[in-house]
Structure formats: structure tokens, C-alpha cells
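# Structural characterization, general
For reference, the chains in residue letters:
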Amino acid sequence: MGDEYPTLFRSEQMSLVQLIVPTEVAHDTIAELGELGNVQFKDLNPNVNPFQRSFVGEIRRIDEMARRVRFFASQIEKEKEPIPIRPLYDSAPLVTVGPRAAQTIDELDVKLAEHEARLTQMNDSYQLLSERLRELVEARHVLRETAQFFEQAAVRETEHRTSLDDSSAPLLQHDDREQQYSTGELQFDLEFVAGTIDRTRLSTFERVLWRVLRGNLYMNYIDIQEPFVDPATGAETRKNVFIIFAHGDILLGKIRKVAESMGATIYPIDVNADKRADSMREVTTRLEDLQIVLYNTGANRRAELMTIGENLASWQDVVAKEKLIYETLNLLNYDVRRKTLIAEGWCPTRDIPQIQLALRHATEESGTNVPPILHELRTNRTPPTFHRTNKFTEGFQTIMDAYGVASYQEVNPGLFAVITFPFLFAVMFGDIGHGFIIFIAAAIMILFERKLAKADLGEIFGTFFFGRYIILLMGLFSIYTGFLYNDIFSKSLHLFHSGWSFAEPNGNDTSVVGIPNGHTYPFGIDPAWHGAENALLFTNSYKMKMSIVLGVIHMSFAVCLQVPNHIRFKRFSDIYTNFIPQMIFLQSIFGYLVVCIIYKWTIDWSKASTQPPSLLNMLIGMVLSPGNVDPESQLYPGQSTVQVILLLLAGVCVPWLLITKPYLQYQEMKKIQGQGYIGLGAEDVPRHTDDTTLEGEEEGNGRAIVEANDDEHEEHDFSEVVVHQVIHTIEFCLGCVSHTASYLRLWALSLAHAQLSEVLWDMTLANVLGMSGLVGIIALVIVGVMWLALTISILCVMEGLSAFLHALRLHWVEANSKHYEAGGYQFVPLSFARVNEKQ
Amino acid sequence: MEALLFNVDSGFLEGIVRGYKAGLLTQNQYNNLTQCETIEDFRTQLSATDYGNFLANEPLPISTSTISDKATQVLVDQFNYLRSNAVEPLSKFLEYMTYAYMIDNVILIITGTLHGRNTNELLQRCHPLGVFDTMPALCVATNVEELYHTVLVETPLAPYFRDSVTAADLDDLNIEIIRNTLYKAYLEDFDAFCTSLGGPTAEIMHRILSFEADRRAINITINSFGTQLSKEQRAKLFPTIGRLFPEGNNALARADDIDQVRQACEAVAEYRAFFDASGTVGGGARPNGTGHGGGSESTANLLGDLGDDLGGGAADLEDRFFVHEVHLNKLAFLQQFQYAVFYSYIKLKEQEIRSLTWIAECIAQNARDRIHDYIPTF
């Protein structure tokens, strides 16, 4: 079975394998398997804390490296002018396997640490310098602004001087003290504090000061125009220069204290104008020097980041891979005594030779000659589900996986969805024009798929891109159904001779009656119906019946898909306890309806003796008043007998479905108990005492692990079986009715689509097509563009999404509920490719 | 009625807070944490919890204060999220919760300034939930009146402060009196507010707040033994909403030693248990206080320092109080359509941060025998 060609029909055959890996090659082996990407490792130490596992030290080291790499990345990102990061495919690969692996990692670790140290140092000094720069700039502002203030004050000072002189003694005292160290011409009565403060805190600052000093202050402040940028975070702050005049040392002390605690910076300013000019000059020169130093530091830092940018991508890659490798190694069972690691995991049976090859390769690479040993283990655990998909089937498989992952080796509806999904979509979307548009869109995505796959497309467009092959098929099928409906942008095509001919309209009477001319339109709907008064009546009846026919076929097919499952899982009794009654039930009511629909289509009612009967009423009558058929609306002779028989058949199926399976189970249980077995259950196949067991005993290790985990079996309770079967029966029988009705959405959506596109045409292009001259051309262009835009946005995208949704529902609910168990779990192999995808 | 209309305004936030609550560490996770050998192990272990990678970008070695700070930051972010999405009266309720932190911060800064600490350092140690604009200016105040008139007058704490303006100047004892007066006024006001909300909020919050009140009353009493705090002054500090009020409070006011405290608490069955074993176990004081993560005990408990001889018993009693508080807060989650879950969540998270810091501290100081003394939440 293992060498069976892989199909989508069933999931891949899986094997539980055990790997015995010598410690020396463990790392390289995992790396090799990660590149290969088809082994899913099992956690063999589920009871061990993450930090008590064998390779925590390595993981921690890798984490530290990862932190450094993240730090570099964030630094590069923050840089205003973008720094090029060389892409991964362009940079030299960092080899982390083979005999020199440990050394490479050590070197990388050291290199990262060095870079980090250098970068932090540069950041620090850069920050320090910018801090100093900021202070100097602030000081300059304070000097400049206060100078203005003092100049104004000086002018006023001389004016008021005389009047103040003799009035207040304390001021004079103060003057005296001031004169001791300030011999300038200008003397101030008040002392002051000057500095800068964050603009947002200014009002609080002023308020607090006002209260602290009880209003004994004079405060002046001026905005600094340009913002200050914090070099580390890039945040902008705006500041104000303030100068506060107050009186007395205690008050000044308080002001300083408040200012400091509010985050203000205070600068010493001299009252003397000359000294102020001096310090202004000094500040300016220092500022210039500092700017040069700062520029150099910035350039150095940039150069450092450039060198980091050269290698960053490959570092990120290596770190991510190494982390994954060690995390995987932690899942392994570590036999300290024997210096080996024991791994267990699932892999596709077909891939075992490949894995063997990879193992040998890993051994050769690492330069030792102790190869890892791989052997298959027998188990009765359920393997994971693995469908080998390619880029074409991936999308369809994802649709089904979104509903539920198939049980192991179950018939996979994803295979059939490849055709049924686009087809059911197209039934609702049938229009040659619209189908062509989405076909072209998908074709473009496929033509440029290499380029698009690399680019980051964003969530919405990325989803469309992922489903490009679905869209392609949806487009193709829509073109096909468009031909069936004879619909192109709500117009029809005259490909063949119409089956109807119309007389020339005469006079005022514009309505003419079509006369059949003996032709039969060979494919699709006759274009003569287009524009006919009863066109809607005709297409409605046609599409409604067609959706019922399609629906019953789809459901019958889904029911049939049970059979391969029953055969594969050796549940032969299920064929006649589940499949056959279900099939009979479905066919005797709805299959019969389909037959009637087709039969009714074949009859030429214009020549028949009776009126065409309503099939809906016929079906209702068949259930409500069995045996009575009104001769007026009889479809065929003997109808009542046939219907009674069919109804009885369906009626029998319900108890059949309800009882047989539980009864069989009950019988089996009794048989087992009758033989004297109890407890352990009959499903347990006796364990083969072949060489694997012997080997296991020899190994001592690993063997126990498999058995310890074998506690998955649930004891099947009889009552559980009964309840399950009751639910199943009710669900199926009611489901048949509601699901058949549910397929009417095919008709409803296709009708809505056709009507919407007709309305769009009538409201836009139909009005301007007849116009002539320049106005006509301009109007045609404008309206044409509008029509195209609306066609794409409303009819193709919105209607398309709606039809997609309904097709999805028809698959998930109507079809899958008939056969799909979806009780599996996904195969998640260790794969480096996935890690890269995530990044 | 709550069931009908509660979710209109607060349903979303209640959902959020219950989600947060589901992220609190479980007993199992605590067990794993206590098995850690180093702080790095601790970090690895925490990264598997709801904290995620909150320490991932910290360079090694990680100090316990970093852990505490970062964890508090998580709490603060969550609280701010709740608060910015809240509407009246929940926003008012959440605001009330911040007042407690404000009181702590005010006291912290005044005490710090009194002892000549650096203002910036003090500001950094303040709990981020209790920060207000004019807070830095507190350090200028030299007496109580100044304190009130310069800074507190425009904060929400002003009404609570009015009663204590009479106190003359700032010394250790007065600060402690101020703190307790503030707290008393705050608790009473909060309780009144919750009562005005009515319904289960009032019921549950009253249960929690009255325990808080009793705890403070008992603490004040125990800590005031051997200080110059007079019994009348002491009586004035007791909140009047607790279950001990009024007889218990009166008895506490008269108490001279721990036995009399015990007798005062006899009336309430739950409280009796606190004292039952406190004499026999008597563990030493915690090495790092109760963690600087926050809570009313974060600032130096000065009266506690004065009553040194009772330190051992008091620390043990303190732990029991915490356990009971956690228990009450857990009960709050059993009822729906009420605001107490917000209060309880923040308190539980705080407790969790304290426990984390404790475990980290024990790991860092290699005091593995005491590592199990943390207080589990869930």
C-alpha cells in the first residue's frame, strides 16, 4: 500500500517511525529533516516542564541571539533614511550543519554580541550628545529670549527709577547686596529663575507656583518654535522658555524645587548684559563643535547599521531555524547513558526512503560514521491526516479543511470539490461576460504568480491570490453556464437558428407571437426567449427544476461516497444499515421528483390531452394523500400506485435506518459477552510478538513510550450508539427535505444575477447606445466606463462573493453532512519552509 | 433590571475584564514557576502564560524589579484600556479605584521628601495608576496646610483632606495619621458611591470595602501599640463602614495589646481565624516588604517599624489578610452585571504581581525554602 501513487481521494498512508539518533548527529539530523519537511515529531516528554528539558540552555542562548537580531532590526527600522537589508536569497548562506556547526554558532553569537555592544555604545553616546545638544539649544533659547526681556525692562527701568527710589527700603537693601557682586549698570530689584519646561506642563507649573508663592511672582514665558526630537524614541516635545521673578531666597529655592520636580531645566543667566553676550557666544561655539561630533557619531552608527543590514536576513534565518531545531530536540527522549536521542513521529509511508536518504546525508555531512537508525513502529493510534496538494489543488483542499480535517484515510471531498465547487458557483453566476472577466483576472494572477508570491499582498488581495486556481475554474465554468443560459452581459447570442420565428409587427400592436419553425436550438436557451414577455416565466421554471435535478444528483453522489469509507474501514454492515436505506429514502422521494421533472420536459404539452400538472403539488399530494391522484393533473397512468409504493419504501427506510445498526451492535456485544470476554473490548488486536517487540525489549527505551500513550480508546457505550443513530436518522430524513429545498438557492441566485445585470444594462448603456453625434460618443464613453466599473465591482466581485458563499454552503452543509466525518487532525511536519512563510 | 440594561454600557468591558481574569495565573502555573532554578527559567515559564513575551526584549540579567515593573505595566495598560472605554457610572467607579493609589503616592512623596530622598527617584517609585499632574509639586510642602493649599486642593483627594488640615507639621506620625484619615474618608466615600449605584455592585463592593476597612482598623491598632498615638486619635482613624463597626471599633480603640485586638474581632467569625494560629506560626518579616508592586503596603509602613516587636506576628497576619482579600475578590466573579469585577480583577492582578515578585525574589536570593509563601489567586 505504501507505494500507492498519492491521490487526493484518501489521505496519505502514514507510519509511526522511531529514530535512534546518536547525540553527535542529532542537530544535523533534525536540520536535514526540517529541510525535507515531512516528519511530525511527537512530544516524548509531555510531563517535563519546558525549562527542565535537555536543550534549554541552547534555546536560551538562541533566544538571546534572537533578541539581539530583533534589536538590530528595530534599530534599522527606526532609522529615518532606510538602510538596505540584503534579502536572504542574495546573501551567503551560513552553514550551521556539519562538523563546524558549533563553531559557526559560537562565532555568530560573539559577532552579534559585539555588534550589540558597539551599537548600544554608539546609541548611548549619540543620546548623550543629543542630550547635551538639546541642553545647549535650550540654553541658547533661554539666553536669547531673556535678553529681549531684559532689554525691554532696561528701557522701562530708567523711566521708573526715580519714582521708586525713595519709597521702599527693602528694595534698597537688596540693591546693596546685589551691588557686591554685580557692578553692571543695570541692577534688578528682583531675582529670577530662568529655564525651559515642557509646554504641556506649563499651565500646571504656573498654577502650582502661584499657589506655592501665593501670587508673589512675575512669570513670563515664550514658546520655542521648533520641536525637540528625542533621538531614541523619535517623539517630539515642544518646550517653552520661562523666566520667573520672585523675591527672597526661600521663595527662589521653592521655585527651583518645583521647577526641578516638574521636569524643567534651569539655566543660570546673568543679569549683566555683557556676561550674557559672552555666554551666548560660548554656547554658540560649543553648539557648533557638538554638532560636528554628533554628525560624526551619527555617520558611524549608520555605517555600523549598514554592515548589520548586510547580514541581518541570514542571521534572522539561522536564528529561527536553530530555535526550531532545538525546540524539536527537546521533544525527543534523551538517553543520557547511551548518548543517543530517541525520536518518534509520523511521516508519510511513501517518504520513508527519502527520510532514510536524508539521514544518511546528515551522517555524511557531520563527518561521523554512526548513522541514525529509523524503523517503523506498530501502533493503533490514529495517524494525522495528510493530503499531498499542489498549487492547483491546495485551494480546494483548504475549503474542505476549513470545514473539518478529514479522518485518516477517509474519502476526501476536496478532490470532488475541484469540479463541483466551480460548477455550482457557475450555475449561480452563469454569464459569459462576467465569467470571462474573472477568468482573465485569475489568469493574470497565475501568469505573474512567481512575482506575486514573493510580494506581500495584504490580507484581502492575498486571499484572492491564494484562491487563484479556484477563481480560474469558476470563470471557465461560468462561461460554460453562460452559454447554457445564453447570457452575455444580460444580452443573448445568436449562434444557431432560433426555434421560433416572429412575424413583422404590424401597426400599433407591438406584441407578436412566436411560431415554432421546426428548428431545435441545439445548445443552451433559444435566444428568441430573450425579450419575450414570458421569458422570466420560462427561465424561472427551467432554472428551478434544474437546481432540483442538480441538487438531488449532488446529494446522491455525496451519499454514495460513504461506500468507499465503509469498505476501507471494514464496516461492511454499514452499507446495508446506513447507505442502502438512505439511498432508497432519497431516491424514492426526490429521485422520483427528478424523474418526473425530466419526464415532464419530454412531453409536448400543447398536444397532450391534459393540462401540465404542477410537480410541487404532486409531491405534496404524494405524501399528504397517498393513493389519490386527481385525473386532471395526472402525469402518467398508474401514477397513484407507483407513488404509494415509493412512499412505503421511504417509510420502511426510517425504522430500518433507526434500528438495524444499534441492533447489530447489541448482537455483537452479546456474542462477545456470551463468550466470556469482558472489559477490554473486542477491537484490540492482539499485539504481534514479532521482531519489533523483541527489539523494543532489547532497547528498553522508546518501546514503553508507545504503549503508554495508547490510552485513546473509548469504551463504546450501547446507549451512545442508540442516541447517535437516532440523531443521525432524524438529521438525514429531515435533512433530505430541507437540503433539497436548499438547492433552490442555485435558481434564486442565478435569477438575481441575471436580473441585476439586465437592470444595470438598461439603466446605463441602453440609454446611450442609440445617441448619435459628439454628445452620443461622450455619453457613451462616460456611461460605458461607469457600466464597466459597476459590472466589475457589483456583478463580478460582490455577486461573485455571494455566489461563492452559497456554493461553499452547499458543499459544507448539503453535501458534507451526507458522508464526511471530518474527525482527523492535520499533519504538521517540522519544516523550515513553513517558518520562512510565517516570517 | 441590571440584567436588562447592564450590557448596554458595560457588557463589553465586563467581557474584557472576565477575559483578563481568565488570564490570571493558575495554581499549576504557580507550581511551575516555583520550580524554576533561575530568573531565565522564570522568564521562559512566564512566556507560556498570558504574560507572553513581556520580558523577551529585556537584556540579561533581569532584575526582580524589572519583572515587577513590567508586570505592573501590563496591569496599568489593561486598566487604562478599561478606563478609556468606560462610560458613566463605570468610569467614575474606575476613577474611584485610582484614588487609593493617589493617596499612596502622596504619602510616598511626602515621606520621601521628609527623609531627603531624590524627587525623581520618588516619582519613579510612584504607582502609575495614581499619578496626577501636580504630583511632583508635593515635594515643596513643608507643612500640612501648605500641602493642602498648594497641591491637593485641585485633586479629587481634596475633600478627604479637609479633616486633617488641622494637623500642624509633617513628621512621621502625622503623615501616618494623614494617610489613615485620607483612607478612612476615601473608603467611606467609595462605599457611599457604591451604595448609590445599588444592586449587586453595592452588595459586593460593600463586602470587599468593609473588609478593607476592618483590616485597616486592625492594622492601625496593632501598629499604634507603643507609639505616642493617643487612643482618641486612634479611634478617629477607624473607618466606619467595616463589619467591626461600631462595637468592634470601640473595643479596638481601647485595646492595649494583641489579645484585646483578638477579643475585639471575636464577633466576626471570619476574622477570628486570623488570630487563631498567628501566635504559633510567627514567620519572620518578608525580605522585601510585600513587594513594591503597589497596594497600600508599598510605602514604608512607618507605624509598623515603630512597633517592631510585633513585626513577626503582624507580617503573618498581613498574609492572612491578603488570603482573605483574594477570597473575597474571587467571590466577586460569581455574580454578573456588576462593577465589583473590575475592582476585584485589579486587586487580584496586583496580588498576582506581588506573588510573582516574591517568587522571583526568592529565586534571585536563593531562598527556596520560602518560595511557597506566595498567595495564589486562582
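Residues numbered from 1 in each chain as written. Chains lettered and ligands numbered in written order. Predicted model: local features only at pLDDT ≥ 70, side-chain atom pairs only at ≥ 80, totals over all residues. Heavy atoms only, no water.

## Remarks on the overall build of chain B
Operational definition: Going along the chain from the N terminus, every DSSP run of H or I of four or more residues is numbered as a helix, and every run of E of two or more is numbered as a strand. Each residue is placed in one exposure class: buried if its accessible area under a 1.4 Å probe, protein chains only, is under 20% of its type's maximum, exposed if it is over 50%, and partly exposed if it falls in between. Computed by Shrake-Rupley with a 1.4 Å probe, the accessible areas treat only the displayed protein chains as cover when residues are assessed.
The helix and strand inventory of chain B stands at 18 helices and one strand. When the 378 residues of chain B are sorted by exposure, 56% land in the buried category. A total of about 15200 Å² of accessible surface is found on chain B, and carbon and sulfur atoms cover 49% of it.

## Overview of the sheet that holds strand E4 (residues 218-223) of chain A
Residues and elements named next belong to chain A. Formally: Strands are treated as partners if at least two bridges between them are detected by DSSP. The axes used here are C-alpha line fits, helices contributing only the stretch in contact, and every angle between their N-to-C directions lies in the interval 0 to 180 degrees. A contact between two residues is defined here by any heavy atoms of the two lying within 4.5 Å.
Strand order across the open sheet formed by four strands is E4-E7-E3-E8, with antiparallel pairing between neighbours. Of all the strands in the sheet, the pair left with one neighbour each is E4 and strand E8 (265-267). The mean angle between the axes of side-by-side strands here comes to 25°, regardless of whether they run parallel or antiparallel. The pairing of E4 with strand E7 (residues 239-246) spans six bridges and is classified as antiparallel. Across the sheet, the residue bridging to tyrosine 221 is phenylalanine 242, located in E7. Contacting strand E3 (191-198), E4 and E7, helix H5 (residues 199-212) runs over the sheet at an angle of about 145° to E3. Sheet strands in contact with helix H6 (residues 249-261) are E3, E7 and E8, and its direction is about 10° off that of E3.

## Focus on the packing of helix H2 (residues 56-78) of chain A against helix H7 (residues 273-331) of chain A
All names here are of chain A. Our working definition: Small angles under 35 degrees read as roughly parallel and large ones over 145 as roughly antiparallel, with 65 to 115 read as roughly perpendicular and the rest as oblique. Crossing handedness: left-handed means the near helix sits turned counterclockwise from the far one by under a right angle, and right-handed means the same turn made clockwise. Lys, Arg, Asp and Glu make up the charged group, whereas Ala, Val, Leu, Ile, Met, Phe, Trp, Tyr, Cys and Pro make up the nonpolar group; the residues left over, Gly among them, are polar.
Where H2 meets H7, the axes come as close as 8 Å, and the angle between the chain directions of the two elements is 150°. The orientation of H2 with respect to H7, classified from their angle, is roughly antiparallel. The handedness of the crossing between H2 and H7 comes out as left-handed. Grouping the amino acids of the contact of H2 with H7 by side-chain chemistry returns 15 nonpolar, four polar and six charged.

## Overview of the pattern of salt bridges
Residue and element names in this part refer to chain A. Quick reminder of the rule: Definition used for salt bridges: Asp or Glu carboxyl oxygen within 4 Å of a side-chain nitrogen of Lys or Arg.
A full pass over the atoms with the stated rule returns 43 salt bridges over all chains. Linking arginine 388 and aspartate 351 is a salt bridge whose minimum nitrogen-to-oxygen distance equals 3.2 Å. Here arginine 388 is found in the loop between strand E11 (373-377) and helix H9 (393-403), whereas its partner aspartate 351 is found in the loop between strand E10 (340-348) and helix H8 (352-366), with 37 residues between them in sequence. What you see here is one network of salt bridges that share partners, running through Arg61, Glu64, Arg67, Arg68, Asp106, Asp109 and Glu116.

## A word on the nonpolar core
This is how it is decided: Only buried Ala, Val, Leu, Ile, Met, Phe, Trp, Tyr and Cys residues count toward a nonpolar core, and they belong to the same one when joined by side-chain atoms within 4.5 Å.
Core analysis: the largest hydrophobic core is formed by 140 residues, its most contacted members being Phe205(A), Phe42(B), Phe93(B), Tyr186(B), Phe190(B), Ile218(B) and Phe342(B). Ranked by residue count, the leading element in this core is helix H5 (residues 90-114) of chain B, at 15 residues. Not counting chain neighbours up to four residues away, the residues in contact with Phe205(A) comprise Ile197(A), Met219(A), Phe242(A), Ile244(A), Val258(A), Ala259(A) and Met262(A). Grouped together as the second largest cluster of nonpolar side chains are 68 residues, Leu550(A), Tyr592(A), Leu619(A) and Leu746(A) included.

## Some points on the packing of aromatic side chains
All names here are of chain A. Operational definition: In summary, the pairing rule links any two rings of Phe, Tyr or Trp, Trp by its six-membered ring, whose centres are within 6.5 Å, and it sorts them by plane angle into stacked for under 30 degrees, edge-to-face for over 60 and tilted for everything else.
According to the stated counting rule, one finds 43 aromatic pairs over all chains in the structure shown. When the ring of tyrosine 480 is compared with that of phenylalanine 523, the centres are 6.4 Å apart and the planes differ by 50°; the resulting orientation is tilted. Here tyrosine 480 is found in helix H14 (residues 468-485), whereas its partner phenylalanine 523 is found in the loop between strand E13 (515-516) and helix H15 (535-560), with 43 residues between them in sequence. Ring geometry for phenylalanine 489 and tryptophan 787: centres 5.0 Å apart, planes at 75°, overall edge-to-face. Within this pair, whereas phenylalanine 489 is found in the loop between H14 and strand E12 (500-501), its partner tryptophan 787 is found in helix H25 (residues 773-819), the two being separated by 298 residues in sequence.

## Topic: the environment of Met14(A)
Relative to the helices and strands, Met14(A) resides in strand E1 (residues 14-22). Each C-alpha atom, one on Met14(A) and one on Thr382(A), is 9.4 Å from the other, the two residues being 368 residues apart in sequence.

## Here we look at the packing of helix H1 (residues 23-36) of chain A against H8(A)
Residues and elements named next belong to chain A. At their nearest, the axes of H1 and H8 sit 9 Å apart, and the two run at 135° to each other. Relative to H8, the element H1 lies oblique. Between H1 and H8 lies a crossing whose hand is right-handed. Residue-level contacts link Val25, Asp28, Thr29, Glu32, Leu33 and Leu36 of H1 to Gln354, Ile355, Ala358, Leu359, His361, Ala362, Thr363 and Ser366 of H8.

## Topic: the environment of Glu206(A)
Residue and element names in this part refer to chain A. Structurally, glutamate 206 is set in helix H5. Of the residues examined, glutamate 206 reaches a relative accessible area of 32% and is grouped as partly exposed. Spatially, the C-alpha atom of glutamate 206 lies 7.9 Å from that of methionine 219, the residues being 13 residues apart in sequence. Ignoring anything within four residues of it in the chain, the contact list for glutamate 206 reads Met219 and Tyr221.

## Re the interface of chain A and chain B
Often, the extent of an interface is quoted as the loss of accessible area on bringing the components together. We count it as follows: Summed over both partners, buried area is the accessible surface (1.4 Å probe) that two parts give up on being assembled. Here a polar contact is taken to be a pair of N or O atoms separated by no more than 3.5 Å, where protein atoms must pair a possible hydrogen donor with a possible acceptor and residues adjacent in sequence count only if both atoms sit in side chains.
Counting from both sides, the interface comprises 19 residues of chain A and, opposite them, 29 residues of chain B. Between chain A and chain B, roughly 2100 Å² of surface is buried when both sides are summed, and carbon and sulfur atoms account for 53% of that area. Where chain A packs against chain B, one counts one salt bridge. Measuring nitrogen to oxygen at the nearest pair gives 2.2 Å for the salt bridge that ties Arg60(A) to Asp41(B). Linking chain A with chain B are one residue pair in polar contact (both at pLDDT 80 or more).

## Notes on a nonpolar patch on the surface
Residues and elements named next belong to chain A. This is how the line gets drawn: Patches here are clusters of residues that have more than 30% relative accessible area and form no salt bridge, with a 9 Å joining cutoff for like charges and a 5 Å cutoff for nonpolar side chains (Val, Leu, Ile, Met, Phe, Trp, Tyr).
On the surface, Tyr576, Ile580, Leu658, Ile659, Tyr663, Leu664, Tyr666, Met669, Val726, Ile730 and Leu734 cluster together into a nonpolar patch covering about 950 Å² of accessible area. Those elements that provide at least two residues to the nonpolar patch are helix H17 (572-602), helix H19 (639-674) and helix H22 (718-742). Here the nonpolar patch takes six residues from H19, the largest share from any one element. Structurally, the position occupied by leucine 664 is in helix H19. Overall, the relative accessible area of 30% leaves leucine 664 in the partly exposed class.

## Let's talk about the side chain of Gln40(A)
All names here are of chain A. By the element assignment, glutamine 40 lies in strand E2 (residues 40-41). The class for glutamine 40 is buried, based on a relative accessible area of 15%. Among the polar contacts made by the side chain of glutamine 40, one reaches the main-chain amide nitrogen of valine 828 at a distance of 3.3 Å. Not counting residues up to four positions away in its chain, the partners in contact with glutamine 40 are Glu344, Gly345, Trp346, Pro384, Gln826, Phe827, Val828, Pro829 and Leu830.

## A closer look at H5(B)
This is how it is decided: Multiplying one less than the number of residues by 1.5 Å gives the expected span of a helix.
With 25 residues, H5(B) should reach 36 Å at 1.5 Å per residue; the first-to-last C-alpha distance of 37 Å fits that figure. Here H5(B) lies mainly inside the structure; 21 of its 25 residues are buried.

## A closer look at the side chain of Ser91(B)
Residues and elements named next belong to chain B. The topology assignment puts serine 91 in helix H5. The exposure class assigned to serine 91 is buried, which follows from its relative accessible area of 16%. Of the polar contacts made by the side chain of serine 91, one reaches the backbone nitrogen of glutamate 88; its length is 3.4 Å.

## Side note on unusual backbone geometry
Residue and element names in this part refer to chain B. Cis geometry is found at the peptide bond from glutamate 88 to proline 89, where omega equals -5°. Tracing the chain through its elements places proline 89 in the loop between helix H4 (64-85) and H5. Positive phi, close to 60°, is recorded for phenylalanine 337, a residue that is not glycine. Mapped onto the elements, phenylalanine 337 comes out in the loop between helix H17 (311-332) and helix H18 (340-364).

## Remarks on H22(A)
Residues and elements named next belong to chain A. Keep this limit in mind: To get the bend at a given residue, fit one axis to the seven residues ending there, fit another to the seven starting there, and take the angle between those axes.
Between the first and last C-alpha of H22 there are 34 Å, a value that for 25 residues agrees with the 36 Å anticipated at 1.5 Å per step. Largest kink in H22: about 35°, centred on glycine 735. By the burial criterion, the buried members of H22 are Val721, Gln725, Thr729, Phe732, Cys733, Gly735, Cys736, His739, Thr740 and Ser742. The inward-facing, buried residues of H22 abut H15, H17, H19, helix H23 (744-763) and H25.

## Topic: the environment of Tyr743(A)
Structurally, Tyr743(A) is set in the loop between H22 and H23. Each C-alpha atom of the pair Tyr743(A) and Val549(A) lies 9.1 Å from the other, and the pair is 194 residues apart in sequence.

## Details of the confidence of the model for chain B
Parts of the model with low pLDDT should not have their predicted coordinates read in detail. Residue and element names in this part refer to chain B. Quick note on the threshold: pLDDT runs from 0 to 100 and stands for how confident the predictor is about each residue.
Predicted confidence across chain B gives a mean pLDDT of 80, with 87% of residues reaching 70 or more. Counting contacts from residues 279-311, a segment whose pLDDT is below 50, to residues more than four positions away or on other chains yields 60 contacts. Two summary scores accompany this predicted model of the complex, namely pTM at 0.69 and ipTM at 0.72.

## Regarding the pairing of E10(A)
All names here are of chain A. Here E10 lies mainly inside the structure; nine of its nine residues are buried. With nine bridges joining them, E1 and E10 adopt antiparallel strand pairing. Bridge pairing in E10 links valine 21 to leucine 341. For strand E9 (residues 333-335) and E10, the ladder comprises three bridges, and the chain directions are antiparallel. When the bridges of E10 are listed, asparagine 333 appears paired with isoleucine 342.

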